[in-house]
Amino acid sequence: MQRAVQGTRRLGGLSVILCLGCLVAAAQEDGAARKIVVDGSTTVGPIAKAFAGYYMAQNPDVNITVSESGSGNGAKSLINSTCDVADLSRFMKVKEFEAAVANGVCPVAHVVAMDGLAIVVNPRNPVQELSLAQVRDIYKGQIKNWSELGGPNVAIVKISRDTNSGTYETFESLVMDNEKIAPDTEYVGSNGAARQRVKSTPGAIGYVGLGFTKGVKRLLIDGVEATKENVASGRYPVARPLFMFTNGYPKLGTHLHAFVTLHLTSDGQEMIERKGYVPVTSYPAKARLVNDDES
Amino acid sequence: MTTNPSIAPIGPGGAGRLAAPRSLLLSKRASRLRRVLALLGHGVLFLIASSSALAVIFIFFFIARDAIPFFRLEGFKEFFTGTAWYPTHEPPVFGALPIFVGSGLVTLGAILVAVPLGVPAAVCLSDVLPFSVRQYVKPVIEMLAAIPSVAFGFFALVIFTPLLQEHGGRVLAGVWWVVATPLVALLVFVLSDVVANWVVGEARHRAVRVLLAVLMAAAGAWLLFDVGGRFAALTISSGTNALNVSIILGLMALPTVVSVSEDALQAVGRELREGAYALGSTRAEVLVRVIIPAAGSGICAAVILGVMRAVGETMVVWMASGNAAQIPQPWYNLLAPVRTLTATIAGDMGEADQSAGSAHYHVLFAMALALLAISFVCNLISEQVIRRSALKNE
């Protein structure tokens, strides 16, 4: 783009009016690129916020705003061109793609990280491990008491994310096999709220992103621990990629391009690890090291 | 839009008729200008006054426009009678009955909290407390209305929920003791007196009276301990439930109930109070037999306004009701998590409007329409009740 600006300047030597017009156009384009609006998933939000802070520290003239309104709202913002980057914790739906194309927007996916859903219980709950089928039976309402799973005689309180969240859709497809969740399941509006409810409720079970397990107990699922190396290697059964969507692939050399490729840099991957997610990288080589700074 | 007769003398016609001094007469042009300006002023004021009415009509129209496609797609039966709510499942199921029941249950609970607290508080403010104290207490109660609902929700979720889970039984038992002890004591006094009169007549059989009183007191104490023990033995597995939300919504409706009831009680004339006292009534008799019945319709209106506050509240129920789309077993089980209309609309809107035209999008408008209809009916009733009370007071 810089070369293009220089080109217009050289041209401007020929005609003052043309030069002025081009400079105005270039300045406008530059100004637009200096503001990046990010919207979408509460799961991808922490990564986007870390990226934004990092990038704005490197480039003080760039302004990046990050909102977390859920995957669905993020996709909607991209469709309506009210954001530059849409964070999604699931892939874009066919209907959303259709709506985007109808609006002249061409969504391009960038896989920034991997995320596992940890199945969590209250720290005081002695149960250590469940099979994926048992988790499904709990949420289907067939297992109602922890004593059926070798725990204390406490009724199971099922916590789910709201149906508006990508986390819910991931859970529904990865764990529930699209069977119906029992009607007495409680719904909360964010990962933080799910953790809060599980943390304070003795009989609770819930599912959250790997970055939200502080203060609650992660269960082994099918004997596999919800750790980063297991998520990266695909052994852990409840895992998914996280996306940032842009309208077309961003022009090389722009701030937007640098922002959505930050996850490829070592600094970006460190930030992703620090937030409790799993970078898309040849991860097992340094698996031990990462496991140590687990939240 | 007729001209107010009281301002006619400054109009051109009035000035002419009065044959005022020359300086006060207006030229034809100036008078026409004035008339145009007056008309313009009227028009602008009318527009401003009717804007809120227009807003209501437009809201009704647009919500109905998006709600009708749902009924056309899915029909009425499932929405109003189905008990399974799976809007995102394939195929989706839109049984909203549990959500209506949830809204109703939470509202009922809020009334059970707000009315027994609010009406006596209003009575206390209007007839018991001295004027100087009332001037301080009333603003404090009304301050409750100024607390944002998200703050109430945060309190419900972070403080009240764990409290119910950890010490639920004891909390309920404590509330039972505080509320029931004076009531049972009052009941024992009154009942033993009535029964004694019925058994032995007006004659003075002291022993019989004492015996009856002791028996009644024993029965009352047994009732207190038995129910208290049952409450204490309860464990609340999930603190985000209908009870939690009912209590918080009750508190939120309290300022409305207190304020409007107090106004109604104040509106009962001084002569009625003084007449009752002059006939030898005690203060309790004046309150219970004269003033509260006289203000009855106003108190009803206060309760209805409080109900509307509870029905329409969103943030608190979304945060603290559990949002489980189930009909509690049994239906009055306040300890079960429930889902309300408002929370469903707020929680599902983000995903649903992705695919405008889908049933999930339109079902939320159908719910909004139902909600609008409910508050519309409530409003009409309270309006009617207030009008009747105004008539009665004249």
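Residues numbered from 1 in each chain as written. Chains lettered and ligands numbered in written order. Predicted model: local features only at pLDDT ≥ 70, side-chain atom pairs only at ≥ 80, totals over all residues. Heavy atoms only, no water.

This part covers the nonpolar core. Counting 66 residues, the largest nonpolar core has I64(A), I119(A), Y139(A), F171(A), I205(A) and F259(A) as the members making the most contacts within it. No other element matches the seven residues that strand β4 (residues 107–121) of chain A contributes to this core. Setting aside its immediate chain neighbours within four residues, F171(A) contacts L117(A), I119(A), V135(A), Y139(A), M176(A), I181(A) and Y207(A). Core analysis: the second largest hydrophobic core is formed by 27 residues, F71(B), I345(B), A366(B) and L369(B) among them. (Core = buried A, V, L, I, M, F, W, Y, C linked by side-chain atoms within 4.5 Å. Buried < 20%, exposed > 50% of the residue type's maximum accessible area, 1.4 Å probe, protein only. Helix = DSSP H or I, 4+ residues; strand = E, 2+ residues; numbered from the N terminus. Contact = heavy atoms within 4.5 Å.)

Taken residue by residue, the interface counts 34 residues in chain A and 29 residues in chain B. Carbon and sulfur atoms supply 47% of the area that chain A and chain B bury against each other, a total of about 2,400 Å² over both sides. Of all residues in chain A, T163(A), K180(A) and Y187(A) bury the most surface against chain B, accounting for 21% of the area lost on that side. Run the count over chain A and chain B and you get one salt bridge. Its salt-bridge partner being R124(A), residue E166(B) comes within 3.2 Å of it at the nearest N-O pair. In terms of residues, the side of chain A that touches chain B owes the most to one element, helix α4 (residues 71–79) of chain A, which gives five residues. Looking at the side of chain A that touches chain B residue by residue, the classes come out as 10 nonpolar, 10 polar and 14 charged. (Buried area = accessible area lost by both parts, 1.4 Å probe. Salt bridge = Lys/Arg side-chain N within 4 Å of Asp/Glu carboxyl O. Nonpolar A, V, L, I, M, F, W, Y, C, P; charged D, E, K, R; others polar.)

Here the focus is the packing of aromatic side chains. Throughout the structure, instances matching the rule amount to 28 aromatic pairs over all chains. With a centroid separation of 6.0 Å and an interplanar angle of 35°, the aromatic rings of F91(A) and F97(A) are classed as tilted. On the basis of relative accessibility, which here comes to 44%, the residue F91(A) falls in the partly exposed class. F97(A) gets classed as partly exposed once you look at its relative accessible area, which sits at 24%. An angle of 45° between the planes, with centres 6.0 Å apart, marks the rings of W176(B) and F231(B) as tilted. A residue pair is termed long-range when its members are at least 10 positions apart, and W176(B) in helix α6 (residues 149–200) and F231(B) in helix α7 (residues 206–233) qualify at 55 residues. An aromatic cluster of at least three residues, connected via ring pairs, comprises F70(B), F71(B), F76(B), F79(B), F80(B), W85(B), F94(B) and F100(B). Across the ring face of Y187(A), the terminal group of R339(B) is positioned such that the distance to the ring centre comes to 5.4 Å. (Phe/Tyr/Trp six-rings, centres within 6.5 Å; stacked < 30°, edge-to-face > 60°. Lys NZ or Arg CZ within 6 Å of the ring centre and 35° of its normal.)

The next subject is the confidence of the model for chain B. Per-residue confidence for chain B gives a mean pLDDT of 84; residues scoring 70 or more make up 89%. In the model, residues 1–16 of chain B has pLDDT below 50 throughout and makes 12 contacts with residues more than four positions away in sequence or in other chains. (pLDDT = per-residue confidence, 0-100.)

Spanning 14 residues, helix α3 (residues 45–58) of chain A covers 20 Å between terminal C-alpha atoms, matching the ideal 20 Å at 1.5 Å per step. Of the residues making up α3(A), those classed as buried are G45(A), P46(A), I47(A), A48(A), A50(A), F51(A), A52(A) and Y55(A). (Expected span 1.5 Å × (residues − 1).)

Attention now goes to a positive patch on the surface. A cluster of basic residues, K28(B), R29(B), R32(B) and R35(B), forms a positive patch at the surface. Along the polypeptide, R35(B) turns up in helix α2 (residues 28–74). (Patch = residues over 30% accessible without salt bridge, like charges linked within 9 Å, V, L, I, M, F, W, Y side chains within 5 Å. Areas by Shrake-Rupley, 256 points an atom, 1.4 Å probe, with all protein chains shown as cover. Lys, Arg positive; Asp, Glu negative; His and termini not counted. Charge placed at Lys NZ, Arg CZ, Asp CG, Glu CD.)

Before going further, it helps to spend a moment on the packing of helix α4 (residues 97–128) of chain B against helix α11 (residues 296–312) of chain B. Residues and elements named next belong to chain B. Where α4 contacts α11, the axes come no closer than 10 Å and their chain directions differ by 140°. By the angle between their directions, the pair α4 and α11 is classed as oblique. Classified by chirality, the crossing of α11 by α4 is right-handed. In this structure, α4 uses T107, A110, I111, V115 and V119 to contact α11, whose residues at the interface are I299, V303, V307, A310 and V311. Residue composition of the contact of α4 with α11, grouped by class: nine nonpolar, one polar and no charged. (Axes fitted to C-alpha atoms, helices over the stretch in contact; angles between N-to-C directions. Parallel < 35°, antiparallel > 145°, perpendicular 65-115°, else oblique. Left-handed = near helix turned anticlockwise from the far one by under 90°.)

Quick look at the pattern of salt bridges now. Here the structure, examined in full by the defined rule, presents 20 salt bridges over all chains. Between R34(A) and D61(A) there is a salt bridge, with the nearest N and O atoms lying 3.3 Å from each other. Highlighted residues: R34(A) in the loop between α2 (16–33) and β1 (35–40) and D61(A) in the loop between α3 and β2 (63–66), separated in sequence by 27 residues. One salt bridge in this structure joins E274(B) and R270(B), with 3.0 Å as the shortest N-O distance. Taken together, the positions of E274(B) and R270(B), both in helix α9 (residues 270–278) and four residues apart, correspond to about one turn of that helix. Via salt bridges that share partners, R134(B), K138(B), E142(B), E262(B) and D263(B) belong to a single interconnected network.

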